[in-house]
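Structure assessment
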Amino acid sequence: MFRGYRMFCFHKLSTLALLSATLVTAQTRHVVAISHRGEHLHHPENTIPAFQEAIRLGANFFEVDVQTTSDGKLVLSHDATVDRRTNGHGRVADMTFDQIEALDAGIKSGPEFAGTKIPTFDDVLDLARGKIGVYVDVKHASAQDLVSHIDGHGMTENVVIYCGLNLAKQIQELNPKLKVMPESVNLEHAKVLIDQLHPKVIAFGAGDFTPEIIAVVKQGNAKIYVDRMGTTDNPEGWQAAIDAGADGIQTDLPGPLVEYLRAKGYQ
């Protein structure tokens, strides 16, 4: 009888240990919130006010789109032209920095933002340092310029760089510590990325976020940052992404996402 009691206690303790281990695993998993173009639904996108709001809301990263002016200055603009978001016209690549700086990037978001400038990459790196990570979406910039600016602002450990395979290779050659983040695209491309880059993180959109590609990326020891904008930018979409393996979620709703992640114990 005593032996039976000991066996009962042993099984009971084993069960409790398993439950505790499971609980610790659930509690320690971390998912980051990435604020798409800053908080851009109520602030002009890719501007300092949008990034300041993303910081205030508790996002882990804000996403920026980097372009190069005709005289070699790195500035922020999602589009190749300034037409949609400013009071000006023209291609960023054909404009000087002085021409870019003269534009109003806030007036189209409301009179309260009138006079808001297109920020430089330097501006946002300075703003972010010590407060938040920067998700760099490279629209038009050289590896050398990106690396020198990021390293020069002490942000090497706090940046992920979304770019293609060739640019990622160039960046890694200049500074292997920088985290390049190529898009998975499809199964075969994901395998090539892992084989040639060994990236610490890989980006996913809606179309390539499939179990087969996710499995390959996980086997390659890379984290997964996935876009959840549009119809999946809600608690159901966020949880589905997390359940599928996402380590980071890019959103147009940074405030609600941060609240959700905290409530669920992911932050």
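Residues numbered from 1 in each chain as written. Predicted model: local features only at pLDDT ≥ 70, side-chain atom pairs only at ≥ 80, totals over all residues. Heavy atoms only, no water.

Averaged over every residue, the pLDDT of the protein is 92; residues scoring 70 or more account for 90%. Counted against residues more than four places away or in other chains, residues 5-26, with its pLDDT under 50, gives 1 contact. (pLDDT = per-residue confidence, 0-100. Contact = heavy atoms within 4.5 Å.)

Attention now moves to the environment of Val217. Residue placement: Val217 occurs in helix α8 (residues 211-219). Along the chain, Val217 and Ile202 lie 15 residues apart, while their C-alpha atoms are 7.5 Å from each other. Among residues more than four places away in sequence, those in contact with Val217 are Ala190, Ile194, Ile202, Phe204, Ala222, Lys223 and Ile224. (Helix = DSSP H or I, 4+ residues; strand = E, 2+ residues; numbered from the N terminus.)

On to a negative patch on the surface, then. Together, Asp71, Asp98, Glu101 and Asp123 give the surface a local cluster of negative charge. Among the secondary structure elements, Asp71 is positioned in the loop between β2 (61-68) and β3 (74-76). (Patch = residues over 30% accessible without salt bridge, like charges linked within 9 Å, V, L, I, M, F, W, Y side chains within 5 Å. Areas by Shrake-Rupley, 256 points an atom, 1.4 Å probe, with all protein chains shown as cover. Salt bridge = Lys/Arg side-chain N within 4 Å of Asp/Glu carboxyl O. Lys, Arg positive; Asp, Glu negative; His and termini not counted. Charge placed at Lys NZ, Arg CZ, Asp CG, Glu CD.)

A full pass over the atoms with the stated rule returns 10 salt bridges. A salt bridge links Asp65 to Lys139; the nearest nitrogen and oxygen atoms lie 3.7 Å apart. Of this pair, Asp65 sits in strand β2 while Lys139 sits in the loop between β4 (133-138) and α5 (143-152); the two residues are 74 residues apart in sequence, bridging distant segments of the chain. Residue class for Asp65 comes out buried when judged on its relative accessible area of 0%. For Lys139, a relative accessible area of 35% translates into the label partly exposed. Where Glu188 meets Lys191, a salt bridge forms, and the shortest distance between an N and an O atom there is 3.8 Å. Remark: Lys191 and Glu188 occur in helix α7 (residues 187-197); sequence separation between them is 3 residues, near one turn of the helix. (Buried < 20%, exposed > 50% of the residue type's maximum accessible area, 1.4 Å probe, protein only.)

As a further point, take the packing of helix α6 (residues 165-174) against α7. Axes are the key here: two packed helices are described by the angle between their axes and the distance separating the axes. Closest axis-to-axis distance for the α6/α7 pair is 11 Å, and the angle between their directions is 15°. When the interaxial angle is binned, α6 and α7 end up roughly parallel. Crossing angle aside, the handedness with which α6 passes α7 is right-handed. Residues Leu165, Ala168, Lys169 and Gln172 of α6 pack against Val192, Leu193, Gln196 and Leu197 of α7. Residues of the contact of α6 with α7, tallied by class, amount to 5 nonpolar, 2 polar and 1 charged. (Axes fitted to C-alpha atoms, helices over the stretch in contact; angles between N-to-C directions. Parallel < 35°, antiparallel > 145°, perpendicular 65-115°, else oblique. Left-handed = near helix turned anticlockwise from the far one by under 90°. Nonpolar A, V, L, I, M, F, W, Y, C, P; charged D, E, K, R; others polar.)

One pass over the structure, following the stated rule, counts 5 aromatic pairs. With a centroid separation of 4.3 Å and an interplanar angle of 25°, the aromatic rings of Phe51 and Phe62 are classed as stacked. Separated by 11 residues along the polypeptide, Phe51 in helix α2 (residues 48-57) and Phe62 in strand β2 bring together distant segments of the chain. Of the residues examined, Phe51 reaches a relative accessible area of 0% and is grouped as buried. Look at Phe204 and Phe209: their rings are 5.6 Å apart centre to centre, the planes differ by 80°, and that puts the pair in the edge-to-face class. (Phe/Tyr/Trp six-rings, centres within 6.5 Å; stacked < 30°, edge-to-face > 60°.)

Further remarks concern the packing of α5 against α6. Interaxial distance between α5 and α6 falls to 9 Å at its minimum, and their mutual angle equals 45°. Taken together, the axis directions place α5 and α6 in an arrangement best described as oblique. In this structure, α5 crosses over α6, and the sense of that crossing is right-handed. Across the interface between the two elements, Ala143, Gln144, Leu146 and Val147 of α5 pack against Leu167, Gln170, Ile171 and Leu174 of α6. Of the residues that constitute the contact of α5 with α6, the class distribution is 6 nonpolar, 2 polar and no charged.

Right, let's talk about unusual backbone geometry for a bit. Positive phi, close to 55°, is recorded for Arg37, a residue that is not glycine. The topology assignment puts Arg37 in the loop between β1 (32-35) and α2. On the basis of relative accessible area, Arg37 is assigned to the buried category, the value being 12%. For Asn46, which is not glycine, the phi dihedral falls at a positive 60°. Tracing the backbone shows Asn46 in the loop between β1 and α2. The exposure class of Asn46 is buried, given its relative accessible area of 3%.

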